[in-house]
2 protein chains.
Amino acid sequence: MNKIITIGREFGSGGRELGRRLSEELGIAYYDQEIIGEIAKRTSLSEQYVQTIVEHQPLFSFPIHVGRSFYPSASPVLEQTMAVYQGQAQIITEMAEKSDCVIVGRCADYILKEMKPFRIFVYADMESKMKRCREKAPEGETLTERELKQKISAMDKKRAKYYEFYTGYTWGNKLNFDLCINTTQTVIKEMVPVLANLFR
Amino acid sequence: MNKIITIGREFGSGGRELGRRLSEELGIAYYDQEIIGEIAKRTSLSEQYVQTIVEHQPLFSFPIHVGRSFYPSASPVLEQTMAVYQGQAQIITEMAEKSDCVIVGRCADYILKEMKPFRIFVYADMESKMKRCREKAPEGETLTERELKQKISAMDKKRAKYYEFYTGYTWGNKLNFDLCINTTQTVIKEMVPVLANLFR
């Protein structure tokens with residue numbers, strides 16, 4: 001069975017950086033929210049278009065057939081939301097079946113539970129998350145301390161809601177993870193090579 | 001400053017085994033509830049007696065002066081309880097000042113916070129904790145599944161109460177730890193050598 005590492009993370013905790021570096025260290029595929037969203041979008045646009053992409057990016061090779069949602073749906077919005085989730089879930093499953101990989105976000109820990117992924121959760125204290133956000137902020141962003149704090153909290157609330165809606169579990173509950181890493185006092189770049197040895 | 005690793009753990013999660021193995025792997029001192037309790041007991045019994053012990057166990061060398069509690073105390077029982085805690089806290093601090101060490105339990109993460117210990121929390125799901133307890137049970141112990149589950153829950157409740165009483169923090173909250181390790185699917189013996197590299 002493939003080596004699958006899923007990463008849940010708080011906003012600003014550096015979970016994506018950790019996931020990316022870990023995949024590089026291990027030489028395995030890497031997927032995150034943006035990549036999966038992009039694949040899903042392209043898939044639903046045109047199968048053929050995706051095929052063209054695939055031919056030039058062997059790492060992401062797949063024939064994708066977007067799953068259909070069979071939920072009895074009350075509203076078209078809900079139906080569409082469920083369809084997006086289902087589509088992404090299908091992509092995640094196919095990716096994980098294809099090769100070793102690191103997947104950040106998207107409830108991958110839950111979606112792939114039958115494949116027994118190694119589930120990491122990355123978190124940090126608010127001060128350290130704010131510092132990281134400042135460092136990575138797009139040029140010209142001028143949030144006050146208070147606004148930044150609110151933004152981080154709002155993002156995490158959104159993630160928690162998303163996770164709980166699709167999995168029925170509490171987001172960030174340590175019992176749903178194999179390892180929880182507090183990056184408050186950690187230099188991710190230095191820690192990842194050590195962490196990678198867990199998977200060799 | 002010394003390398004100090006503190007370990008909080010759920011009952012039956014293998015936290016003590018993990019701590020012991022980690023100290024062996026790193027070649028540093030190891031203290032847990034029993035050892036600290038024993039030292040405290042001996043200290044309060046007779047300074048000279050302790051000195052004799054010390055001469056034969058250089059790893060645990062110290063001159064110990066048990067701290068006095070200055071809490072305004074409502075009852076002699078509370079006063080005694082606080083004195084025991086204070087005594088143990090004093091021992092833990094002196095040990096941590098003396099050499100690199102792993103300390104399991106006893107709120108060491110909180111007591112030593114000024115020394116910035118690396119704080120690990122070890123946990124597992126109930127089924128796995130029950131399995132570990134069965135394997136390590138004293139001969140002749142014949143608890144039913146239900147009784148064992150109750151015992152584990154009761155022990156953890158006791159630990160939570162102890163921790164919260166002395167620190168004011170919620171026990172097992174991941175934000176109070178640098179790393180939380182779920183031992184449910186982990187072979188501790190295999191994982192410790194990898195973990196040890198974080199401290200080299």
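Reading the values: the criteria
- Residues numbered from 1 in each chain as written.
- Chains lettered and ligands numbered in written order.
- Predicted model: local features only at pLDDT ≥ 70, side-chain atom pairs only at ≥ 80, totals over all residues.
- Heavy atoms only, no water.
- Phe/Tyr/Trp six-rings, centres within 6.5 Å; stacked < 30°, edge-to-face > 60°.
- Helix = DSSP H or I, 4+ residues; strand = E, 2+ residues; numbered from the N terminus.
- Buried < 20%, exposed > 50% of the residue type's maximum accessible area, 1.4 Å probe, protein only.
- Least-squares fit on C-alpha atoms with pLDDT ≥ 70 in both.
- Contact = heavy atoms within 4.5 Å.
- Pairing = 2+ DSSP bridges.
- Axes fitted to C-alpha atoms, helices over the stretch in contact; angles between N-to-C directions.

(A) Structural detail: the packing of aromatic side chains. All names here are of chain A. Under the defined criterion, the tally for this structure stands at 18 aromatic pairs over all chains. With centroids separated by 5.0 Å and ring planes inclined at 80°, the aromatic side chains of phenylalanine 118 and phenylalanine 199 adopt a geometry described as edge-to-face. Of the two residues, phenylalanine 118 sits in strand E4 (residues 118-123) while phenylalanine 199 sits in the segment after helix H8 (188-196), which places them 81 residues apart along the sequence. Given a relative accessible area of 22%, phenylalanine 118 falls into the partly exposed group. We classify phenylalanine 199 as buried; its relative accessible area is 9%. Site record: aromatic cluster; members linked through ring pairs are Tyr85, Tyr162, Phe165 and Tyr166.

(B) Seen up close, the relation of the copies chain B and chain A. In screw terms, the move from chain B to chain A is a rotation of 180° and a rise of 0.0 Å along the axis, fitting with an RMSD of 0.0 Å. What we have between these two chains is a two-fold relation. Relative to the rotation axis, the closest C-alpha in chain B is found at B:Cys180, a distance of 2.4 Å. Taken as a fraction of all interface residues of chain B, those also at the interface in chain A reach 100%, which identifies the copy contact as same-surface.

(C) Main features of unusual backbone geometry. Positive phi is not limited to glycine here, since A:Arg106 has a value of about 60°. For A:Arg106, the location among the structural elements is in the loop between strand E3 (101-104) and helix H5 (108-111). Looking at A:Arg106, the relative accessible area reads 16%, which means it is buried. The backbone of B:Lys116 sits at a positive phi, close to 50°, despite the residue not being glycine. Relative to the helices and strands, B:Lys116 resides in the loop between helix H5 (108-111) and strand E4 (118-123). The exposure class assigned to B:Lys116 is exposed, which follows from its relative accessible area of 61%.

(D) Inspection of helix H6 (residues 126-136) of chain A at higher detail. Burial in H6(A) covers these residues: A:Ser128, A:Lys129, A:Met130, A:Arg132 and A:Cys133. On its buried face, H6(A) sits against helix H7 (145-167) and H8 of chain A.

(E) Structural context of the sheet that holds strand E2 (residues 29-31) of chain A. Strand order in this open sheet of ten strands is E2(A)-E3(A)-E1(A)-E4(A)-E5(A)-E5(B)-E4(B)-E1(B)-E3(B)-E2(B), and the pairing throughout is mixed. At either end of the open sheet lies a strand with only one pairing partner, and these are E2 of chain A together with strand E2 (29-31) of chain B. The sheet shows a mean angle of 15° between the axes of neighbouring strands, direction not considered. The sheet contact formed by E4(B) and strand E5 (residues 179-182) of chain B spans four bridges and is parallel. Counterpart to B:Val122 in the pairing with E5(B) is B:Ile181.

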